[in-house]
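# Observations on chain architecture
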Amino acid sequence: MCGIVGAVAQRNVVPILIEGLKRLEYRGYDSAGVAVIDQACCLARTRSVGKVRELEGRLDAHMEGATGIAHTRWATHGRPATENAHPHICRKTVALVHNGIIENHEALRRAQMQLGYEFTSQTDTEVIVHEIYRRLEETADLLAAVRAALPSLRGAYALGVITNREPGRLVAARRGSPLVIGIGIGEHFIASDVAALLPVTQRFMFLEDGDIADITRDAVTVYDAQGARVERPVRHSELSADAVARGEYRHYMLKEINEQPRAIADTLENRIGVDQVYAEAFGPAAAGLFADIEAVQIVACGTSYHAGLVGRYWFEGLANLPCAAEVASEFRYRKPRVAPHTLFVTLSQSGETADTLAALAYARELGFARTLTICNAPESSLVRGSDLVLMTHAGPEIGVASTKAFTTQLVALLLLVTALGRSRGLTAEGEARIVHLLRSLPGQIEQILGLDTAVQAWVPFFTNKQHALFLGRGTQYPVAMEGALKLKEISYIHAEAYPAGELKHGPLALVDADMPVVAVAPNNTLLEKLQSNLQEVRARGGELFVFADSDNDIHEDPRTHVISVPPVDDLMAPIVYAVLLQLLAYHVAVSRGADVDQPRNLAKSVTVE
Ligand code: G6P
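These lines cover the structure that appears in this document, whether it is placed above or below. (Residues numbered from 1 in each chain as written. Predicted model: local features only at pLDDT ≥ 70, side-chain atom pairs only at ≥ 80, totals over all residues. Heavy atoms only, no water.)

## Examining the site of the ligand
Note the cut-off: The rule for a residue being near a molecule or strand is that one of its heavy atoms must lie within 4 Å of it. Here a polar contact is recorded for every N or O atom pair within 3.5 Å, except that within protein the pair must consist of a potential hydrogen donor and a potential acceptor, and residues adjacent in sequence are included only if both atoms are side-chain atoms. Using the Shrake-Rupley algorithm and a 1.4 Å probe, accessible areas are obtained, with residue cover drawn only from the displayed protein chains. Any residue that is not Ala, Val, Leu, Ile, Met, Phe, Trp, Tyr, Cys, Pro, Asp, Glu, Lys or Arg is counted as polar, Gly included; the first ten are nonpolar and the last four charged.
By nearness alone, 13 residues border the ligand, and S304, S348, Q349, S350 and T353 come closest of all. Within the side chain of S348, an N or O atom sits 2.6 Å from an oxygen atom of the ligand. A distance of 2.7 Å is found between an oxygen atom of the ligand and a backbone nitrogen or oxygen belonging to Q349. For the ligand, whose unbound accessible area comes to 390 Å², protein coverage reaches 90%. Among the residues making up the shell around the ligand, the classes are represented as 4 nonpolar, 8 polar and 1 charged.

Have a look at this one:
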């Protein structure tokens, strides 16, 4: 969480920093700030509570400088307030932006107060800037000062530091939080994510954990955790600045929902042949490694976890492999028993989720046979830390509520299930069937997006509600969970999902006229059971909203609303029906005037525990 941008150039960097912040706002938007070294060689700073546009509104038109740093915050220590916004400054000399959490900040704060340092915020960050200032007084060299200060910090950080004593210099460091350097011509940049810098460069250097970078207009010098000078490769990003623009859409979320046919097609490209999944899709070593796998453990957070839950049904049902799926924040703190030859699979849009990364590190200690990540962010920490990688090609996802990342994760999971299932009873015909279904999926989703108007017609039934219940069975149960998550995160309506068979064990007590009940009812072996569950709701005066296969026998009545969905194979149904629930959540949130792309208290990429 929190987004960092920095620049050293010959031109005024304020507009670059502000544009960068706007592109990083998905990482946090409680407050924002910018600091530059101005023409008088002083640190000039502006900070504001709220979004980057509030900051922009407060900027003095004369604020200019060729070296600067900026930050958009997702509050952890210290409430969202101007004094807690970054950059933090020590004695008008050192300015710093930070993403991460300093765990020993209280002890450092006490020690620094005794040394006479004044604190102006409640953040864990402020101790870092004082620590660096203290070392700068001793060394008169910003790089040496940062290097000397870092060992006293416990926790995670990505940092950008400047001082008016060395105006053309920016020092950056990372441990546990992402940071990338943008390579320009006669100018250099830092950011939490390449997306922030796409308007100014497409060439990037990814820092490794423990790296410190000394950055000037003309040079970038990187030192590793041991202090040795190292070369980090410069990579060319395929992303264009437009890929992260909202275009004609009112919200990123709507754009991303509509991008799903293309995102799925891109994720399938070069991974499937006429009748088969290419084993090379998982890397050259994959085929050999897969042969030994006897079980799968999936770990993820949020929406990615829901994709993992669907995956569990597929691994067991299609690939004949025992599979467990668990949220990373739980997995990392328990003592799981690891069966031999278990593949550890992480799912993540960002590849930087702190709990998922910690779970991956823990998995190594626990002795899992292999690790594989299904991830949407190339060069992310998960990608770099896993033995095998299957990228989802969803393109940048900016809306905080995940949509296309979820459906492409499901597609990637099906590719993996198929590749692993081959030696475990999945026949060539079975594989060909999956491949054909996948190939027709983008077209099918396109058709489903055509139901948007029908979904919108349901919105008035939800706008003023406080609660909603989502029901599904089998693979549709995690889809119902995802639908409930989407609704609560962007519309703030309390929503829960239940496997429909569990209704009678509690949730039925909640059913009344004020509790809309959404059900996903594709045509499958559990349909009849689901229909009985829906009767239980009806009999108790509940109002039903059912997404039903058009072949199904679910009829409209004054308290049963049905959207008829074109028939879809059961295997593809979780992907197809998820899109409908995304649309429902989106339109309900818009009708309530909610900030769809940046819901309160949330952030897209949770890089702190
Ligand atoms: C946050 C986001 C969710 C996302 C989750 C996991 O909570 O708001 O949309 O599903 O993190 O993120 P990841 O990047 O690991 O998929």
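## A look at the sheet that holds strand β16 (residues 295-300)
Note the threshold: In this description, strands pair whenever DSSP reports at least two bridges between them. The secondary structure listing takes helices from DSSP runs of H or I that are at least 4 residues long and strands from runs of E that are at least 2 residues long, numbered from the N terminus. For every element, the axis is a line fit to its C-alpha atoms; helices are fit only across the contacting stretch, and the angle between N-to-C directions ranges from 0 to 180 degrees.
The strand order across the open sheet built from 5 strands is β17-β16-β18-β19-β20, with neighbouring strands paired in parallel fashion. The sheet is open, and its two borders are formed by β17 (323-327) and β20 (388-391), each paired with just one other strand. For this sheet, the mean angle separating the axes of adjacent strands, direction not counted, is 20°. Examined bridge by bridge, β16 and β17 share 5 bridges and lie parallel to one another. Looking at the pairing, A300 lines up with V327 of β17.

## Brief notes about the packing of aromatic side chains
Selection criterion: Only centres within 6.5 Å qualify two rings of Phe, Tyr or Trp (six-membered ring in Trp) as a pair; their planes then separate them into stacked at under 30 degrees, edge-to-face at over 60, and tilted for everything else.
Counted according to the given criterion, the structure contains 10 aromatic pairs. With centroids separated by 5.2 Å and ring planes inclined at 70°, the aromatic side chains of F282 and F290 adopt a geometry described as edge-to-face. With 5.5 Å between their ring centres and 45° between their planes, F331 and F344 make a pair best called tilted. Here F331, found in helix α10 (residues 328-331), pairs with F344, found in strand β18 (residues 342-348); they are 13 residues apart in sequence, far enough to count as distant.

## Thoughts on the pairing of strand β12 (residues 212-215)
For clarity, the cut-off: Here the term buried applies to any residue with accessible area under 20% of the maximum for its type, exposed to any over 50%, and partly exposed to those in between, with areas from a 1.4 Å probe on protein chains only.
Because side chains alternate across β12, one face comprises the buried residues I212 and D214, and the other comprises A213 and I215, equally buried. Direction of pairing for β12 relative to strand β13 (residues 220-223): antiparallel, over a ladder of 4 bridges. Residue pairing for β13: I215 is matched across the bridge by V220.

## Section: the sheet that holds strand β25 (residues 560-565)
Read across the sheet, 5 strands follow the order β22-β21-β23-β24-β25 without closing on themselves; strand pairing throughout is parallel. Each edge of the open sheet is held by one strand with a lone partner, namely β22 (494-499) and β25. Averaged over all pairs of adjacent strands, the angle between their axes in this sheet comes to 20°, without regard to strand direction. Two elements, strand β21 (residues 467-472) and strand β23 (residues 516-521), share 3 bridges in a ladder whose sense is parallel. From the neighbouring strand, L471 faces β23, where its bridge partner is A519.

## Considerations on empty space enclosed by the protein
For clarity, the cut-off: A 1.4 Å probe that fits into a set of points on a 1 Å grid over the protein atoms alone but cannot get out defines a cavity; an open set with protein on both sides within 12 Å along at least five of seven lines defines a pocket, and lining residues are those with an atom within 4 Å of a point. Grid points are joined across faces, edges and corners, and a volume is the space filled by probe spheres set on the points.
Under the counting rule described, the total for this entry stands at 2 cavities of 30 Å³ or more. Approximately 70 Å³ is the volume attributed to the largest cavity. Taken together, C2, R73, W74, A75, T76, H77, H86, H98, G100, T123, D124 and T125 make up the lining of the largest cavity. Of the pockets and cavities examined, the second largest cavity occupies roughly 40 Å³. Where the lining of the second largest cavity is concerned, the elements lending two or more residues are β23 and α17 (527-539). Considered class by class, the residues forming the lining of the second largest cavity number 6 nonpolar, 2 polar and 1 charged.

## Considerations on the nonpolar core
Nonpolar side chains in soluble globular proteins generally cluster together in the buried interior. For clarity, the cut-off: For the purposes of this section, nonpolar cores are sets of buried Ala, Val, Leu, Ile, Met, Phe, Trp, Tyr and Cys residues that join through side-chain atoms within 4.5 Å.
The biggest cluster of nonpolar side chains holds 96 residues, and the ones touching the most others in it are F282, F315, F470, F547 and Y577. Top contributing element to this core by residue count: helix α18 (residues 573-591), with 15 residues. Counting 33 residues, the second-largest nonpolar core is a separate cluster that includes V5, L17, A32 and L55.

## Quick look at the pattern of salt bridges
Definition in use: Here, a salt bridge means any Lys or Arg side-chain nitrogen found within 4 Å of an Asp or Glu carboxyl oxygen.
All told, the structure shown has 26 salt bridges when counted by the stated rule. Ionic pairing is found between E259 and K255, a salt bridge with its closest N-O pair at 3.2 Å. Judged by relative accessible area, which is 10%, K255 ranks as buried. The closest approach of N and O atoms between K486 and E489, which form a salt bridge, is 3.2 Å. With K486 and E489 both in helix α16 (residues 476-491), this residue pair falls 3 residues apart, about one helical turn. Grouping residues by exposure puts K486 and E489 together as buried. Several salt bridges converge on common partners, so that one network encompasses D141, E166, R169 and D214.

## Notes on the layout of surface pockets
In this model, the largest pocket occupies a volume close to 810 Å³. Together, 34 residues line the largest pocket, and D193, V194, L239, A377 and P378 are the ones closest to its centre. Listed by contribution, the elements that provide at least two residues to the lining of the largest pocket are β11 (203-206) and β15 (234-236). Counted by class, the lining of the largest pocket contains 14 nonpolar, 11 polar and 9 charged residues.

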